[in-house]
Amino acid sequence: MTIASENSVVELIYSLTEAGSSEVIDSNDNTNPLEFITGKGRLIIGLERALAGMNEGDSADVMVKAEEAYGEYNPEALQTIPADQFTGIDLKEGMTLYGQGEHGQTVQVTVKSFDSESVVIDHNHPLAGKDLMFSVTVASVREATADEAMSGEVAYEASSCGTGNSGGGCCGGGHCH
């Protein structure tokens, strides 16, 4: 079956590097395919577009430019915060911290620099401004059920929940990537 731009349930094996580098940034190690429904905004747009038209068993190297991945780096996304708000945290440049945004959502930031008075944090995604190379293999493709197409979430069988099989313990429709 061929991956359609909408409502295909895809299991994907992938390895991610920054374009021009051989250092693996992320991978599912060929053991736990990433499962998602196309057209629901679950993948970066450049990768999802490249997958459309591929078939089960196909493999490819896919280059995704920054603007179709995590966007261009925004220098205005830096914020300086008083250091006393980080009491008890052993700060290191480059470390990732998680906080709560204005609307209660989880926000990931990177510590750019700090001193005894202030901490500069970066709200850009760590891969912002980078062209990415995905090595992908389509493990399986099927048409989404009506419920899956409506919810945008893959329905997992109860017997596979938490066992490392389909869904990888992400039962209940969590993002498994």
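Within each chain, residues carry numbers counting from 1 in the order of the written sequence. Since the coordinates come from a predicted model, pLDDT governs what is reported: local features require at least 70, and pairs of side-chain atoms require 80 or more to be given and counted, while whole-chain, interface and lining totals use all residues. Note: side-chain values were computed over all heavy atoms of the structure, leaving out hydrogens and water.

### A short note on the pattern of salt bridges
Stated precisely, the cut-off is as follows: The working definition used for a salt bridge is a side-chain nitrogen of Lys or Arg within 4 Å of a carboxyl oxygen of Asp or Glu. We count a stretch as a helix when DSSP gives it H or I for four or more residues in a row; a strand needs E for two or more, and each element gets its number in order from the N terminus. Each residue gets one of three labels from its accessible area relative to the maximum for its type: buried under 20%, exposed over 50%, partly exposed in between, using a 1.4 Å probe on protein chains only.
A full pass over the atoms with the stated rule returns six salt bridges. With its nearest N and O atoms 3.8 Å apart, the salt bridge here joins Glu 18 to Lys 130. Within this pair, whereas Glu 18 is found in strand E1 (residues 8–18), its partner Lys 130 is found in the loop between strand E8 (118–122) and strand E9 (132–143), the two being separated by 112 residues in sequence. A residue is classified by how much of its surface remains accessible, and Glu 18, at 30% relative accessible area, is partly exposed. Two residues, Asp 131 and Lys 65, come together in a salt bridge whose shortest N-O distance is 3.5 Å. A residue pair is termed long-range when its members are at least 10 positions apart, and Asp 131 in the loop between E8 and E9 and Lys 65 in the loop between strand E4 (59–64) and strand E5 (78–82) qualify at 66 residues.

### Focus: the side chain of Thr 38
Basically, it comes down to this: In this description, contact between two residues means that some pair of their heavy atoms is separated by no more than 4.5 Å.
Following the sequence through the fold, Thr 38 ends up in the loop between strand E3 (34–37) and helix H1 (45–51). Exposure remark for Thr 38: the relative accessible area of 2% places this residue in the buried category. Not counting residues up to four positions away in its chain, the partners in contact with Thr 38 are Ile 3, Ala 4, Ser 5, Glu 6, Asn 7, Ser 8, Val 10 and Glu 48.

### A word on the sheet that holds strand E6 (residues 96–100)
Strands belonging to one sheet form pairs held by backbone hydrogen bonds; the direction of such a pair is parallel or antiparallel. Quick reminder of the rule: For two strands to be treated as a pair, DSSP must find at least two bridges joining them. Axis geometry follows a simple rule: fit a line to the C-alpha atoms, using only the stretch in contact for helices, then measure angles between N-to-C directions, giving values from 0 to 180 degrees.
Across the sheet, four strands lie side by side as E5-E8-E7-E6; this open sheet has antiparallel pairing. With one partner strand each, in any of the chains shown, E5 and E6 form the two edges of the open sheet. The mean angle between the axes of side-by-side strands here comes to 45 degrees, regardless of whether they run parallel or antiparallel. Looking at chain direction, E6 and strand E7 (residues 106–114) are connected through five bridges and run antiparallel.

### Topic: the confidence of the model for the protein chain
We count it as follows: Along the chain, pLDDT gives the predictor's confidence residue by residue, from 0 to 100.
Here the protein chain averages 87 in pLDDT, while 88% of its residues score no lower than 70. The element-level mean pLDDT for the protein chain is lowest in E6, coming to 88, with E4 highest at 97.

### Topic: the nonpolar core
Put simply, the test is: Residues enter a nonpolar core if they are buried and are Ala, Val, Leu, Ile, Met, Phe, Trp, Tyr or Cys, with the set joined through side-chain atoms within 4.5 Å.
In this structure, Leu 12, Leu 47, Leu 51, Phe 134 and Val 136 are the most contacted members of the largest nonpolar core, which totals 21 residues. Put simply, the parts of the chain that give this core at least two residues each are E1, E3, H1, E4 and E9. The element that contributes the greatest number of residues to this core is E9, accounting for five residues. In terms of nonpolar packing, the next biggest core, distinct from the first, is built from nine residues, Ile 81, Phe 86, Leu 97 and Val 111 among them.

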